[in-house]
Structure formats: C-alpha cells, structure tokens
Amino acid sequence: MEAPVKVFGPLLSPNVTRVILCLEEVGVEYEIVNVDFNTGEHKSPQHLQRNPFGQLPAFQDGELMLFESRAISRHVLRKYKTSEVNLLREDNTSEAALVDVWLDVEAHQYDPAIAPIIYQLILVPMSGGTPDQKLIDESLEKMKKVLDVYEAQLSKHKYLAGDFVSLADLSHLPYTVHFMATPFASVLDSYPSVKAWVHDLLSRPAVQRVISQFPRY
Amino acid sequence: MSTNVARVLVCLEEVGAEYEVVNIDFQAKEHKSAEHLARNPFGQIPAFQDGDVVLFESRAISKYIIRKYKSAGEAADLLREGDLREAAMVDVWTEVEAHQYNPALSPVVYECLIYPAMRGVPTNQKVVDESLEKLRKVLDVYEARLSKHTYLAGDSVSFADLNHFPFTFYFMATPHASLFDSYPHVKAWWERLVARPSMKKLGATMAAAAAGIKQA
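Here the residue numbering is sequential within each chain, running from 1 through the sequence in written order. All chains are assigned letters beginning at A, and all ligands numbers beginning at 1, according to the order in which they are written. Where totals are concerned, whole chains, interfaces and linings use all residues; where local detail is concerned, this predicted model gives features only for residues with pLDDT of at least 70, and gives and counts side-chain atom pairs only at 80 or more. Side-chain metrics rest on all non-hydrogen atoms present in the structure, leaving aside hydrogens and water.

- An unreviewed UniProt entry annotates chain B as glutathione transferase of Miscanthus lutarioriparius.
- UniProt positions are given in the numbering used here, feature names are shortened, and annotations may be inferred rather than shown by experiment. In its Sequence similarities (unreviewed entry) section, UniProt records this for chain B: "Belongs to the GST superfamily. Phi family."
- Its UniProt record, at the heading Catalytic activity (unreviewed entry), says of chain B: "RX + glutathione = an S-substituted glutathione + a halide anion + H(+)".

- The name given to chain A in an unreviewed UniProt entry is glutathione transferase, with the source organism recorded as Miscanthus lutarioriparius.
- The heading Sequence similarities (unreviewed entry) in the UniProt record of chain A holds the text "Belongs to the GST superfamily. Phi family."
- One UniProt comment on chain A, placed under Catalytic activity (unreviewed entry), says "RX + glutathione = an S-substituted glutathione + a halide anion + H(+)".

See below:
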C-alpha cells in the first residue's frame, strides 16, 4: 500500500533529517523519495512544482504539498500529535511560546554558527575542495558564544522550552549529529549541561532509528 | 525603529492590544546590560513582557500575541490554527520570509539606509547588486504565488504577510523601490498590506524615527 506521506530529498541532508525525526517521533508511516542533488534534480521542473525555491526537502501528505523543513515539521507534529507525543504544546499559550522562542533561536543563532562548520568539514571535501579553516575557526567562536547561552538555559531546565521535550530541542539534532562526528565534538566538554542534553536527545528511540541509518565517519 | 520591534508592534496593532514600548538605548549599549540580558540572553531587541511571561525572538513574540488575543475577530485568523492545511500554509510562507525573502532584501536596507545613517559608512554597491539579484529570483516565486492567491497563505491576510512589513517598508525608502514595479502582483499585494490601519500607523512612526536618525 502506498504511504500517504512522502518526503522528497535524501535522509542525510540536515533539513530532510529534521522532518524525518518528527515523523519517527509521531510514528507515522512515510516514504523517502530521493532527489539527486548531484544531477541538479532539485532544480528540475518536477521538483520546482513541489518546492518553488528548488531546495530540499519537499513534502506531500495526501493532497497537501509543503516545503521549508520547520513548517513541515510543525504540520507533522500538529496533525499527528497524540496524548504522549505533544512536541509543539499548542494547547498551552506560554509553553507554545517558549517552544517558538527556542525554535527561532535554533534557526537564527545556532544554525548560522554550526552549519558552516559542517559544510566545510564534511561537504566541501566530498566535492573535492579544501575546508576554509578561517571560516571554521570564526564559526567555532560564534558557536561557543551561543553555547554559553544554552549552558545557562539547560542548567535551569531539562530541555530548552522547559521540563518537556519539544520540536525546539529536536530541531537542533540534524547538524548536531554531524558535529558530534567531527574532531570538534570535544568543544561540548566545556558545556556539561549542553552535552548531557545532546546525549539525552540522541538516546531517544525515534532519534536512534534515524541516525542508525547514517554512515559512520 | 528596529525592524524586529516593528514586526511585534504590527501584530499588537492588528489584534488591538494595549502596549507600552520601552526604549533600549543601542548607542549606550543598553542591549548588552545585565538587565536586558535577563530578558534576551543574546542581547538583542526586542524582548517582551506580559505579566510573568518574558519572551524574545520577534516571530515567537508575535505568535504569542496573536494566540492570546484569539477572540479579537479577524485577528483570530492570522495563524489559521483551526485548520491544518491553512495553518501549514501560514507556517510555510512565514519560513519563506525568514529564510528566502529577508536574507535577499535586508542587505539592501542595511547598505542603503541603516549603515550610512547609523555608522556613517558608504553603501557597499557590490553587496547591494548581489542582493538585488537574489531578490529578483525570490520575487519571481512571489509573483507566481500572488497571481494565484490574494495573500501568501491563501485568500485572506495572515501572519505570513505581516512579517514582510518592516523590512519592505524601509526597502521602499531606498533607491531600489522601483524593483517591485516589475512584479505587478507583488506590488499590488504590498499596496494592499500598507493600506491596513496597523501599517499606516506604524509606517508613520517608522518614517519619523528614520528622519530623526538622519538628522542626528
């Protein structure tokens, strides 16, 4: 039987991973449809119909076509929410607000610091280039300043939005999983609350199901 | 006025909430004071307080405001949270503003208006030209979308549309405003937005603040 939920893009692409993690958390059946970045398939007319910016992922749920991984993730967690899996907290105004705050922090503070490190260390060598060490060093400095704030927050609360796990926490995993496989993972040793939070998230069964499919570096 | 502060004020105006704006003196580095860091640990603006609730990140603040004032008529529909499909479309185009539109358009605003006024530095034309190229590609997508729908998420205004106001308002004060003339549906959408009472009111405040900065 054809799965009604389709994710377009490779599992390893961090924005695709974000969506897959949410699908695994809510336990919904889905199909991953590969889109070949190397052949420019993401810019094909067929893919542009799904994502007019020619990016990954795109997503289909019945007749609904979506793009932008954080919007897709919200839809998945909203539609397939259960009494056990409530990762947006939209039934509680102040909890939902804190989820939104830390999801925006992920997008606007954490991501810009960590993504260049991953691209330089992993993606650039894959296409035969040389990592830009200056950019890596600058990004690490930015990341440490961001981690100072996270350390303060996570020493007061088990998770970012409070004592409940949410999309705000999970949204950090795609790049963080790759980061933990680089030599810079030891940066986290100076941030014990952050390190404990990362390990807690990585041990979630849904997360394990996804990252067990990643190649080991 | 800070664009991210204006983002929040538009939503407060749309829902008809009473509010107070407490100035943070950027020049005096007040945004990095211990008092402000307690509200926004990244030392940025805005921060927001509603009783015991203290928030930061302008889009998160704005959504809190819209949800809290759910009973206020049309404002109730700005997030469409009663309908899965419509709520998803609001989320998609809110993300598009944050990750596609703003990164292309805001450098033009910074280079043409903000940096010259606040730091006395000349416009970096290379940055402006590269950003305008990116913005044209983004507006191609918007033109296609807005030729099918009156607003970004559907046929009534939503949070996704409102998010575009602050930076676009300032863009229209740069020498590159006429770029929008090549995108008739986008231009018509923009003109519908700025006719809204919330934006007329804030636009007047923002223009006055910008004039004040230029004279300083």
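1. Focus on the domain arrangement of chain B
All names here are of chain B.
Argument step 1. Along its sequence, chain B is carved into domain 1 (3–72) and domain 2 (84–214).
Argument step 2. Interface area, domain 1 with domain 2, both sides summed: about 1,400 Å², of which 67% is carbon and sulfur.
Argument step 3. Between arginine 7 and glutamate 97 there is a salt bridge, with the nearest N and O atoms lying 3.3 Å from each other.
Argument step 4. The term polar contact refers here to a pair of N or O atoms within 3.5 Å; inside protein, the definition further demands a hydrogen-donor-capable atom paired with an acceptor-capable atom, and it admits residues adjacent in sequence only when both atoms are side-chain atoms. For the pair domain 1 and domain 2, the interface holds 6 residue pairs in polar contact (both at pLDDT 80 or more).
Argument step 5. If you tally residues by element for the side of domain 1 that touches domain 2, the top one is helix α1 (residues 3–15), at 8 residues.
Argument step 6. Per-class residue counts for the side of domain 1 that touches domain 2 are 6 nonpolar, 3 polar and 5 charged. How far each domain reaches was decided by an automatic or database domain assignment. Using a 1.4 Å probe, buried area is obtained as the accessible area two parts lose upon being combined, added over both of them. When a carboxyl oxygen of Asp or Glu lies within 4 Å of a side-chain nitrogen of Lys or Arg, that pair is called a salt bridge. Think of it this way: any DSSP run of H or I at least four residues long counts as a helix, any run of E at least two long counts as a strand, and we number them from the N terminus. Polarity classes work like this: nonpolar for Ala, Val, Leu, Ile, Met, Phe, Trp, Tyr, Cys and Pro, charged for Asp, Glu, Lys and Arg, and polar for all others, with Gly in that last group.

2. Structural notes on the interface of chain B and chain A
Argument step 1. Throughout, a contact is declared for two residues whenever any of their heavy atoms are within 4.5 Å. Listed by partner, the interface residues are 30 residues for chain B and 31 residues for chain A.
Argument step 2. Here chain B and chain A share an interface that buries about 2,800 Å² over both sides, 67% of which is from carbon and sulfur atoms.
Argument step 3. Among the residues chain B hides against chain A, the three largest losses belong to B:Phe42, B:Arg67 and B:Leu84. Together they make up 20% of the total.
Argument step 4. There are 4 salt bridges connecting chain B and chain A.
Argument step 5. At the boundary of chain B and chain A, one finds 9 residue pairs in polar contact (both at pLDDT 80 or more).
Argument step 6. Those elements giving two or more residues to the side of chain B that touches chain A turn out to be β2 (53–56), α3 (58–68), α4 (84–119) and α5 (125–146) of chain B.
Argument step 7. Sort the elements by how many residues they give to the side of chain B that touches chain A and α4(B) lands first, with 13 residues.
Argument step 8. Here the residues of the side of chain B that touches chain A are counted per class, giving 18 nonpolar, 3 polar and 9 charged.

3. Some details on the environment of B:Ile66
All names here are of chain B.
Argument step 1. Along the chain, the position of isoleucine 66 falls in helix α3.
Argument step 2. Three exposure classes are used, based on accessible area relative to the maximum for each residue type with a 1.4 Å probe and protein chains only: buried under 20%, partly exposed in between, and exposed over 50%. Note on isoleucine 66: relative accessible area 2%, which makes it buried.
Argument step 3. Between the C-alpha atoms of isoleucine 66 and histidine 149, which are 83 residues apart in sequence, the distance is 23 Å.

4. With respect to empty space enclosed by the protein
Argument step 1. Put plainly, a pocket is an open set of points on a 1 Å grid over the protein atoms alone with protein on both sides within 12 Å along at least five of seven lines, a cavity is a set where a 1.4 Å probe fits but cannot get out, and a lining residue has an atom within 4 Å of a point. Grid points are joined across faces, edges and corners, and a volume is the space filled by probe spheres set on the points. By the definition in use, this model includes 2 cavities of 30 Å³ or more.
Argument step 2. Approximately 170 Å³ is the volume attributed to the largest cavity.
Argument step 3. Taken together, 18 residues line the largest cavity, and the ones lying closest to its centre are A:Arg74, A:Asp104, B:Lys63, B:Thr94 and B:Glu95.
Argument step 4. With 6 residues, the single largest contributor to the lining of the largest cavity is α4(B).

5. Let's talk about the layout of surface pockets
Argument step 1. Roughly 1,300 Å³ of volume is contained in the second largest pocket.
Argument step 2. Residue lining of the second largest pocket: 36 residues in total, with A:Ser13, A:Pro14, A:Asn15, A:Phe37 and A:Tyr119 positioned closest to the centre.
Argument step 3. Listed by contribution, the elements that provide at least two residues to the lining of the second largest pocket are α1 (14–26), α3 (69–79), α4 (93–126) and α7 (173–180) of chain A together with α4 of chain B.
Argument step 4. Here the element with the most residues in the lining of the second largest pocket is α4(A); it accounts for 9 residues.
Argument step 5. Along the lines of polarity and charge, the residues of the lining of the second largest pocket split into 18 nonpolar, 14 polar and 4 charged.

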